[in-house]
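Each chain, written out:
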Amino acid sequence: MKSKIQILDGGMGTQLQALGLPLGGIPEVWNITEPDKVIRVHEGYLAAGSDVVYTNTFGANRYKMAASGYTVRELIGAAVRNARKACFAHPGTKVALDIGPIGKMLAPLGDLSFEEAYDIFAEEIEAGAEADLIVIETMSDLYETKAALLAAKERSDKPVYVTMSFEANARTFTGTSIDCMALTLSGLGADAIGFNCSLGPEELAPMVKRLYEITELPIVLKPNAGLPDPVTNTYNVSPDEFADCIAELLPYGIAAVGGCCGTTPEYIRALKKRVDAFLSEEKEYDLPGKTKLTGICSSTDAVWFSEPRVIGERINPTGKKKFQEALRAGDMDYILSQAVSQVEAGADILDVNVGLPGVDEKEMMVRVVRELQAVVNVPLQIDSNIPEVVEAALRAYNGRALVNSVNGEEKSLAGILPIVRKYGAAVVGLTLDEGGIPKQAEGRFAIAKRIVERAEALGIRRRDIQIDCLTLTASAEQEAVKETLTALKMAREQLGTGAVLGVSNISFGLPNRDLVNSTFLTLALQNGLTLPIMNPNSEAMMGALRAYRLLMNIDEHAIAFTEAYKNFVPQKAEAKPGAEIPVGAVQDETEGKIRAQFGDAPAELYAAVLSGRAERGEKLTVELLKTMDSMDLVNGVLIPALDTVGAGFEKGTVFLPQLILSASVVQGAFGRIKEHMQSTGMKQVSKGEIVLATVKGDIHDIGKNIVKVLLENYGFTVHDLGKDVPPEAVVEAAKKTGAPLVGLSALMTTTLGSMEETIRALKAAGLSCKTVVGGAVLTPEYAKSIGADYYGSDAKATVDIAKEVFGC
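Definitions and limits used
Counting of residues starts from 1 at the beginning of each chain's written sequence and follows it residue by residue. For this predicted model, a pLDDT threshold of at least 70 governs which residues receive local features, and a threshold of 80 or more governs which side-chain atom pairs are given and counted, while totals over whole chains, interfaces and linings are taken from all residues. Hydrogens and water are ignored here; the side-chain numbers use all heavy atoms of the structure. Secondary structure elements follow DSSP: runs of H or I of four or more residues count as helices, runs of E of two or more count as strands, with numbering from the N terminus. Only protein chains enter the accessibility calculation, which uses a 1.4 Å probe; a residue is then buried when its area is under 20% of its type maximum, exposed when over 50%, and partly exposed in between. Here, residues are in contact when the closest pair of their heavy atoms is within 4.5 Å. Only the protein chains shown count as cover for residues, and all accessible areas are computed by the Shrake-Rupley method using a 1.4 Å probe. All tallies of charge rest on Lys and Arg as positive and Asp and Glu as negative; His and the ends of each chain are not included. Every charge is mapped onto a representative atom, which is NZ of Lys, CZ of Arg, CG of Asp or CD of Glu. Where each domain starts and ends follows an automatic or database-derived domain assignment. Pairing between strands is defined by DSSP: at least two bridges between the two strands are required. Fitting a line to C-alpha atoms yields each axis, with helices limited to the stretch in contact; the angle taken between N-to-C directions then spans 0 to 180 degrees.

A few words on the overall build of the protein chain. Counting its regular elements, the protein chain contains 30 helices and 25 strands. Projected onto its principal axes, the C-alpha coordinates of the protein chain cover approximately 115 × 65 × 45 Å. In the protein chain, buried positions account for 54% of the 808 residues. Of all intrachain contacts in the protein chain linking residues separated by at least 6 positions in sequence, the fraction that spans at least 24 positions is 73%. With an accessible surface of roughly 34,500 Å², the protein chain has 52% of that area assigned to carbon and sulfur atoms. One finds the centroid of the 81 positive side-chain charges in the protein chain at a distance of 3 Å from the centroid of its 104 negative side-chain charges.

Next up, the structure:
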């Protein structure tokens, strides 16, 4: 195909009818009953100049041939032999196994399952193993086409050409666009793609030109002989007109060309003359440039990554109680409503994450993907890091999806990337590996580079990789925000990939999250963000995106911005009853009691804890230890201060940054108290020993570290085993310390199995310790189901559980 333009054959059915095939007769049966006539048709095309002839097997599948009296293997075997016999006298010519539509609609449009369609096509392909190449043609359903192409690639090593039939509106009968065809079929490994049937060459001309712009694959063209006359059953384009029209399209990447309905050897003879003339001329053509963009699609709508595109984040159970309930109950109505509302709000793509304890993720993912594709047209992002789940979802998906995600760990690279390559998906690469998330931008960039290199080695194009430099919450790791933006910019400028970020993560634990999110989104967009994962129902975030598109001249003439805000009426500023006051500035009841019992200085220390003033807290502690008993200071001032902050956190009036800052004040005060006790010979008394660990396979430990700080501030001795801790190490630590309480943390659904295994190991060792589990993906019900004694919803709740266990 690289050295010449292949001449294909023309129509088969009309030629057989001219040789006596009765109206309503089964052409494929003639492969056995009238082989000489079938061979005669092939010979006619070969004599006219065809390099490739299609076998007489267009409808030779088990569904259409059920009443033929012959098996699929018999019919196709005979057809290949007939074509081969005709080619014998024409050295260098090839036999193409012709695969047409099954004749039944696939679900959800019909009752034929994708799996059954695959089996039907696989049977045909195996029966035609002696052919030189495979042609899948006259397809109108992209899902059926995918089933056929997968069967061809998995059951054969032959080249595969795929052509679909389009209506005059540049869509197939089922609504597939040219862009969706190109993205999906090229991703699945077709060797050449294009058009056949339905229309004549003139009507197909603009479609060929569009396909040329968006695909790197060779193009196959097999038009009808114009449009049919229903009265005379003839076509309105002559052989020379047909050939002249196609000749104008040859510069547009045409690598194989022939005819379909109404065409005869005369059409192929005229076509060969034009092709030979084209190949012999030395002429430069002014052609449109090919796109360097990438994109994803559903069966009907393509989303090119030509500008920032919104990935809706709401189909995800993390932190969403109603969604979790819907998943467990199999409530598709609720899940679909989330999809529809996001699309209506402006989402270009929908993230789909169904990982939840107690739910079969693989089964649920396939079900949700199929149900979503029945009600929304936007493409989907498959959100899972489990290879089996990703593959099942990609196989069930109709179109070209985005996979979220692979990361720098060898297990992930080896498990996810081959699946992405096989199904032709685009992929998100997370900048973390066995060592966790690097704190510096350079470390994240190095992981991104490693992911890109591994992906390219497998044949995944750089443009199809979207790097996620990972948004860490500003409330816990404020300094990391700048590193994320720097890494994002480095990936975009130095690697040339796209960029993804979970924008809303930035504001976790903060008040006025919309403000933080929209500001961070604007910063990220300026640094090259292409795919923000966000809540499209947030007007502040969507407004920031629209304004960015406007100001960067992406939204030319402000058309989209004007449409979105054409009815906008500015709200008048209203005076609020009171400004937000720092917690430490509030004269609460506890502070009054401390002031009454211990005096002004202890009350000032209490206020310093509430306001997060660490340096002030240490100074006050040092001064108070000169006149005040250390235990009175701990139990009468510091612990009540933590209780006040914790109560505010539970009510939502205090946010994570304040909680951490207050804990750091108490930690500093405790340091001074310990120094004082050591210098005076006083014995430090612990309230009890606790073992903490992030379970095997999980490298996230921010939440665990917060729990550790609070527990230590409340006077407990914490043995922190770190992250990615195997069950046997937890058992050993519990035995060695005799700790009555073991705390286990997990952030990822994929590591919850390790949590359950650790609890079983503790019980199998005969230990009497209690277990408390926590993490964003956990629920009280799941904690109970894996045998945990307690569920810690947050750090303060875990402290309360520790108090209960130790009776203090």
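What follows continues from the structure just given.
Glancing now at the domain arrangement of the protein chain. Examined at the domain level, the protein chain breaks down into domain 1 (6-280), domain 2 (295-558), domain 3 (589-679) and domain 4 (689-806). In this structure, domain 2 and domain 3 have C-alpha centres spaced 42 Å apart.

If you walk across this open sheet you meet the 8 strands as 1-10-7-6-5-4-3-2, and the pairing is parallel. Sheet topology places strand 1 (6-7) and strand 2 (52-54) at the edges, where each strand pairs with a single neighbour. Where strand 6 (residues 192-196) and strand 7 (residues 219-222) come together, 4 bridges link them in parallel fashion. In the strand pairing of strand 7, Asn196 is matched with Lys222. Helix 8 (residues 201-214) rests against strand 6, strand 7 and strand 10 (254-257) of the sheet, and its axis sits at about 165° to strand 6.

Our focus in this paragraph is the environment of Val29. Topologically, Val29 is positioned in the loop between helix 1 (13-18) and helix 2 (30-33). Relative accessible area serves as the criterion here: at 14%, Val29 is assigned to the buried category. Between the alpha carbons of Val29 and His90 there is a distance of 25 Å; along the sequence they are 61 residues apart. If near-sequence neighbours (up to four positions away) are discounted, Val29 is found in contact with Ser68, Tyr70 and Leu75.

Take unusual backbone geometry next. Note: most residues except glycine have negative phi, and most peptide bonds are trans. With an omega of 10°, the peptide bond running from Ala107 to Pro108 counts as cis. Residue placement: Pro108 occurs in the loop between strand 3 (94-99) and helix 5 (114-127). With an omega of 25°, the peptide bond running from Asn404 to Ser405 counts as cis. Mapped onto the elements, Ser405 comes out in strand 16 (residues 402-407).

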